[in-house]
Amino acid sequence: MAHQSELIEKDILAYLKSQEEKSLLRFITCGSVDDGKSTLIGRLLWDSKMVFEDQLAALEADSKKVGTQGGAIDYALLLDGLQAEREQGITIDVAYRFFSTARRKFIVADTPGHEQYTRNMVTGASTAKVAVILVDARKGLLTQTRRHSFLVSLVGIKHVVLAINKMDLIDYDEEKFRAIEADYREFAAPLGFTSITALPISALNGDNIIDKSGETPWYQGPTLMHFLETVQVEDDRDEQPFRLPVQWVNRPNLDFRGFCGTVASGTVRPGDEIRVASSGQTSKVARIVTFNGDLDEAVAGQAVTLTLEDEIDISRGDMLTRPEAPPLYTRHPEAHLVWMHDEPLQPGQLYLVKTATGVTPGRVTAVQYAVDVNTLEQKLVSTLGLNEIGLARIELDRPVSFDPYGTNRDTGSFILIDRFTNATVAAGMVLNAPDESQRAHLSAGESNPWAPRHITLDAVAATNLNLVDLTEEKGLFILDLAQSIHDYLGKGNRILIRLRDLSQLEPVAQLAYDHELAFEFDRSGDGVSILLFKRGTTPAKGYGDDGTGI
């Protein structure tokens, strides 16, 4: 290796100890294609002397063979390992690299700039704390710059470095640098970043990467490496309420029953009272078991096994929490979705929703809006296509524990999986769950036990939640329609009604007949979906039909 601390030769144990004590920063580089992301990371590796001798020899040979710098060292080749990447001079897959300095350890994810590979960028950003967003100084902000900035904010990254690259190609023009910085700050103002640090750099020449550049005497800020070494990244997971998604129930013999998982947030000690989010049952922690012995305390990030004082029902996928700070426990989370598949989202289609440790069948009932990444404006759509981002409402077959993603990235995220191809089609970040009192609720009238129940559909217009779930109704029922809902339908809105099977269809048909409504019928998943609407009205929420019914 071309680097290193002298401790490696003199005292390897002391060297390893010093590495353990350094803080670790995960960051990503992102931006549009050809902004120089791979070159920048290659430069960081090169200047921090984290290139092995054989890698150096291969880099020199590859630079002459497939490099883009006229035979000079092409630092991007340290990252772009795929043949297709080298042939096209672009990044396709996410490349992770580790390097360290005397002050800190780093794991950097080099993410692709092409819109086609936005899904790969989201993957790389999901674990990062800092984003280095590159901008070509000649081109200014591009669509991908805005898209990646929005995605960075969506996945919860708070610190952004705006690295305005290729300053050497605009003669280190301060005025252009300031103009790009101002444009970006104006665009990013609604995204809620804690800090935005703009740097004039040249990844190829090393300007303001490790050392101050003599070409930019007007710039008084830190170099990129100095910023990365000193930025204070908040990790407040220990301060948050305790969360442990149960990954496995460990029962090797009759005398031991432990619940394994990684502490997502908070701390736990023997004697602490915990609550099972799904059942509400409580108990106290008896032991915190690890391979190296019992612990007095477990903190966020530790993989442990908890044993409890009481025998209560806990399964894989449950979440152990503090009694006083339970998570959301809902069938209807509202979440931002990043659609990652070539096939567009099919509202109503059954997908698998994979959370921290559980998999639950579920479907997207409605797309509230999609976000225009150029303007951050919301636009009404009926579905999401590849790389589109929107807010959607999810319906799960059974309640699942979530936290809002903004407060807990581990328990507030999920992915959607196609049941047949097993492909990951979307990444989701839970925004919230509509208050149960705000959901389209069913109010049952007084009746004797032998008569059909009267169920009144109301409160939908007030909540804008167009879903009525009747799958749990076991007996006969009659549907009544509140005037507010009739008016709601008259404005072109639709109501999606879930039925368990065809035996429940008649009350819906009677309701439609009585109120001169129309409906579309569809078999979805294990049940029946009915889309109720008023004929001849224009859809207000972009359902994709012309309002004339079937």
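Keep in mind it's a predicted model, so treat the numbers as computed, not measured. (Residues numbered from 1 in each chain as written. Predicted model: local features only at pLDDT ≥ 70, side-chain atom pairs only at ≥ 80, totals over all residues. Heavy atoms only, no water.)

1. A closer look at the pattern of salt bridges
When charged atoms on two side chains of opposite charge get close, those side chains can pair. Test applied: One speaks of a salt bridge when a side-chain nitrogen belonging to Lys or Arg is within 4 Å of a carboxyl oxygen belonging to Asp or Glu. Runs of E in the DSSP output that reach at least two residues are strands. Runs of H or I that reach at least four are helices, and both are numbered from the N terminus. Partly exposed describes any residue whose relative accessible area lies between the buried limit of under 20% and the exposed limit of over 50%, with all areas from a 1.4 Å probe on protein chains only and scaled to the type maximum.
Enumeration over the complete set of coordinates arrives at 17 salt bridges. Close ionic contact of Arg185 with Glu181 constitutes a salt bridge, the shortest N to O distance being 3.1 Å. Highlighted residues: Arg185 and Glu181, both in helix α8 (residues 174-188), separated by four residues, approximately one helical turn. You can call Arg185 partly exposed: its relative accessible area is 36%.

2. Focus: the packing of aromatic side chains
Spelled out, the test is: Stacked, tilted and edge-to-face are the three classes assigned to paired rings of Phe, Tyr and Trp, where Trp is represented by its six-membered ring and a pair needs centres within 6.5 Å; plane angles under 30 degrees give stacked, over 60 edge-to-face, the rest tilted.
Enumeration over the complete set of coordinates arrives at five aromatic pairs. Both rings, one in Phe27 and one in Phe106, keep their centres 6.1 Å apart while their planes meet at 85 degrees; by these two values the pair is edge-to-face. Pair noted here: Phe27 is in strand β1 (residues 23-31) and Phe106 is in strand β3 (residues 104-110), with a separation of 79 residues, a long-range link. Like Phe106, Phe27 is buried. With a centroid separation of 6.2 Å and 55 degrees between ring planes, the pair formed by Tyr184 and Phe187 is classed as tilted. One end of the pair is Tyr184 and the other is Phe187, both in helix α8 and three residues apart, which spans about a single turn. For Tyr184, a relative accessible area of 0% puts it in the buried group.

3. What to know about the environment of Ile41
Locating Ile41 in the fold gives a position in helix α3 (residues 37-47). Judged by relative accessible area, which is 0%, Ile41 ranks as buried.

4. Focus: the pairing of strand β4 (residues 130-136)
So the rule is basically this: By the convention used here, strands pair only if DSSP detects at least 2 bridges between them. Whether a crossover is right-handed depends on one test, that the path from the first strand over the helix to the second runs clockwise when the strands point away from the viewer.
Burial analysis of β4 places seven of its seven residues in the buried class, which makes it a mostly covered element. As judged from the five bridges shared by β1 and β4, these two strands associate in the parallel manner. Note on β4: the bridge partner recorded for Gly31 is Leu134. Bridge count between β4 and strand β5 (residues 159-165): seven bridges; the pairing is parallel. Bridge pairing links Val135 to Ile164 in β5. For the segment spanning β4, helix α7 (residues 143-154) and β5, crossover handedness is right-handed.

5. A look at the side chain of Thr355
So the rule is basically this: Whether two residues are in contact is decided by their heavy atoms: any pair within 4.5 Å suffices.
Counting through the fold element by element, Thr355 comes out in the loop between β16 (350-354) and β17 (359-371). Thr355 sits in the buried class, given a relative accessible area of 13%. Look past the residues within four positions of Thr355 in its chain and what remains in contact with it is Val400, Phe402, Ser413 and Phe414.

6. Some thoughts on α7
Inclusion rule: Multiplying 1.5 Å by the helix residue count minus one yields the expected span of that helix.
Taking 1.5 Å of rise per residue, the twelve residues of α7 would be expected to cover 16 Å, and the 16 Å separating its terminal C-alpha atoms lies within 8% of that figure. α7 sits mainly inside the fold: ten of its twelve residues count as buried. Among all positions of α7, only Gln144, Thr145, Arg147, His148, Ser149, Phe150, Leu151, Val152, Ser153 and Leu154 are buried. Positive phi shows up at Gly156, right after α7, with a value of about 95 degrees.

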